[in-house]
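Inside the fold
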Amino acid sequence: MKLNRAGPVLGRSRPAYELAERSRAIGQGGMGAVMMVADSVGLADEINQAVKVLAAHRPYFESDHVLNIAINALCGGVCLEDIEARRNDAVFLDALGIDSLPDPTTAGDFCRRFDADTTMALQEAVNRARLRAWSAAGESFLGGVARIDADASIVATTGETKAGMDISYNGIWGYSAL
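Small disclaimer: the values here were computed from a predicted structure and weren't measured. (Residues numbered from 1 in each chain as written. Predicted model: local features only at pLDDT ≥ 70, side-chain atom pairs only at ≥ 80, totals over all residues. Heavy atoms only, no water.)

1. Observations regarding a nonpolar patch on the surface
Stated precisely, the cut-off is as follows: Patch definition: residues above 30% relative accessible area lacking any salt bridge, with like charges linked at up to 9 Å and the nonpolar side chains Val, Leu, Ile, Met, Phe, Trp and Tyr linked at up to 5 Å. All accessibility values rest on the Shrake-Rupley procedure with a 1.4 Å probe; residue burial counts only the protein chains present in the view. The term salt bridge refers to a pairing of a side-chain nitrogen on Lys or Arg with a carboxyl oxygen on Asp or Glu at a separation within 4 Å. A run of H or I in DSSP counts as a helix once it spans at least four residues, and a run of E counts as a strand once it spans at least two, with each numbered from the N terminus.
Taken together, the side chains of Leu131, Trp134 and Phe141 present a nonpolar region at the surface, about 350 Å² in accessible area. Residue placement: Phe141 occurs in helix 8 (residues 139-142).

2. So, helix 6 (residues 104-112)
Helical geometry note: an α-helix holds 3.6 residues per turn, so side chains three or four residues apart project in the same direction. Our working definition: Buried means the residue's accessible area, taken with a 1.4 Å probe over protein chains only, is under 20% of the maximum for its type, while exposed means over 50%, and partly exposed covers the values in between. Throughout, the arc means the angular range of directions from the helix axis out to the C-beta atoms. Two residues form a contact once any of their heavy atoms are found within 4.5 Å.
All of the buried residues along helix 6 are Pro104, Ala107, Gly108 and Phe110. The arc enclosing the buried residues of helix 6, seen along the axis, measures out at 160 degrees, which places them on a common side. In helix 6, the exposed positions that point more than 90 degrees away from the buried face belong to Thr105 and Arg112. Packing partners of the buried residues in helix 6 comprise helix 3 (62-74) and helix 4 (83-87).

3. As for the pairing of strand 3 (residues 173-176)
As a reminder of what qualifies: Each pair of strands is called paired provided DSSP finds at least two bridges between the two strands.
Relative to strand 3, strand 1 (residues 154-156) runs antiparallel, the two sharing 3 bridges. Note on strand 3: the bridge partner recorded for Ala156 is Gly174. Turn length for the strand 2 (residues 166-167)-strand 3 hairpin, with the two strands adjacent in sequence and antiparallel, is 5 residues, and the turn residue Gly171 shows positive phi of about 85 degrees.

4. Observations regarding helix 2 (residues 43-50)
Among the residues making up helix 2, those that are buried are Leu43, Glu46, Ile47 and Asn48. Packing partners of the buried residues in helix 2 comprise helix 1 (31-40), helix 3 and helix 7 (116-137).

5. A short note on the packing of aromatic side chains
Our working rule: To pair, rings of Phe, Tyr and Trp, with the six-membered ring standing in for Trp, must have centres within 6.5 Å; the planes then decide the type, stacked if under 30 degrees apart, edge-to-face if over 60, and tilted in the middle.
In the structure shown here, the tally under the stated rule is 1 aromatic pair. Between Phe110 and Phe114, the ring centres sit 5.2 Å apart and the planes meet at 70 degrees, which makes this aromatic pair edge-to-face. Judged by its relative accessible area of 22%, Phe114 falls in the partly exposed class.

6. Quick notes on the environment of Leu43
Tracing the backbone through its elements, the reader meets Leu43 in helix 2. With 24 residues separating them along the chain, Leu43 and Leu67 place their C-alpha atoms 9.2 Å apart. The residues contacting Leu43, other than those within four sequence positions of it, are Ala38, Leu67, Val126 and Ala129.

7. A word on the side chain of Ser63
Along the chain, Ser63 falls in helix 3. According to the relative accessible area criterion, Ser63 is buried, its value standing at 4%. Every residue in contact with Ser63, bar those within four places of it in the chain, is listed here: Ala44, Ile47 and Asn48.

8. A few points about the sheet that holds strand 2
The strand order across the open sheet built from 3 strands is 1-3-2, with neighbouring strands paired in antiparallel fashion. Each of the sheet's edge strands pairs with one partner strand only, and the pair in question is strand 1 and strand 2.

Shown next, in the form of structure tokens:
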């Protein structure tokens, strides 16, 4: 059915929303799925086996702290204090099936316990879980070779009008990937 209206179409409607009395929702609804993937590849177990910075687990383990910080970043948090918003969101906690999250000061204390060796152990734990995720995804996911230039090398190109292009010290026209 075509309506005869003069003027813009968008912004004129007045939708009506109806929610059941017990409805609850969050803007980060995909976090439950993210946590299911993390669980399916054994990420928490890898972290707990590799990272030993807590003398006692009262009640949180190393993986709880690491995943709490990751969840904060994935939900748009830009600093540890942003964890507080999710700690106080009962619907968010219910979506993850948990009672509580570590608070921002505890997250800061946890981060200060890391040194170079602990950081490397955490990275290796994540890498082991990542390999399981990739192997579970199958051959079609992996496809061909991907190359990422992530250093300060000059990437040669012939497009002299590309933004950021310049001539390098050795006469190569290119741009820095960074």
